[in-house]
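Secondary and tertiary structure notes
The residues making up each chain are set out below.
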Amino acid sequence: MSLLRLNTNPSPKQLRLFGLVWLVFFGTAAGLLATRGASETTVMATAALAIAVPLAGWVFPPLMRLVFIGLSYVTFPLGLAVSVVILSTLYYLVFTPMGLLARLFGYDPMSRKFDSATDSYWVERRLKEGVDSYFRQS
């Protein structure tokens, strides 16, 4: 079992949603191309692509499954790379400075500092009311 798996057996509901997202995405792209002054051929080709793929998938559902799986394989490496970049950035630009600042100001929430004057590091905790309190966790 791998950590990351591609969905190679999408449900009909997922394929319908994929077709709808495809239509909205490429329809919006065609509209943006038209307003930005792209050539008429480019706009028409994008609009035709927006309509043709979901329509063909509605008439012949295995085609939509093929497009879904093909795009999953094409976009998987990009998604993997972007997630590594985002997580690395978050770690090195947010969590590392926070940890360094906490150490700089002496924040030690686990009380890990060594104290040679103490006899024991045992921490006394207050006793719960009784066994019944285990069923009322709060």
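I will try to describe carefully the structure that is included in this document. (Residues numbered from 1 in each chain as written. Predicted model: local features only at pLDDT ≥ 70, side-chain atom pairs only at ≥ 80, totals over all residues. Heavy atoms only, no water.)

Side note on helix α3 (residues 61-104)
At 3.6 residues per turn, the α-helix brings residues three or four places apart onto the same side. Basically, it comes down to this: A run of H or I in DSSP counts as a helix once it spans at least four residues, and a run of E counts as a strand once it spans at least two, with each numbered from the N terminus. In a helix, the anticipated span is given by 1.5 Å times the number of residues less one. Throughout, the bend at a residue refers to the angle made by two axes, fitted to the seven residues ending there and to the seven starting there. The buried label applies to any residue whose accessible area, calculated with a 1.4 Å probe on protein chains only, is under 20% of its type's maximum; exposed applies above 50%, and partly exposed to all values in between. We call two residues contacting when some pair of their heavy atoms lies within 4.5 Å.
Compared with the 64 Å implied by 1.5 Å per residue over 44 residues, the 60 Å span of α3 between its first and last C-alpha is a close match. Of all the bends found along α3, the most pronounced is centred on T75 and spans about 40°, while P77, a proline, follows it within four residues. Those residues of α3 not exposed but buried are M64, V67, F68, I69 and S72. Those residues of α3 hidden inside the fold are in contact with α1 (12-35) and α2 (40-59). Backbone geometry just after α3 places G106 at a positive phi near 80°.

Regarding the nonpolar core
Heads up, the rule is: Nonpolar cores were defined as sets of buried Ala, Val, Leu, Ile, Met, Phe, Trp, Tyr and Cys residues, with membership established by side-chain atoms within 4.5 Å.
Counting residues in hydrophobic clusters, the biggest one holds 10 residues: L15, F18, W22, F26, A50, V53, M64, V67, F68 and I69. For V53, the residues in contact, after removing those within four places along its chain, are W22, M64 and V67.

Looking at α2
The end-to-end C-alpha distance of α2 is 28 Å, a good match for the 28 Å that 20 residues give at a rise of 1.5 Å each. Among all positions of α2, only V43, T46, A50, V53, P54 and G57 are buried. Tucked inside the fold, the buried residues of α2 contact α1 and α3.

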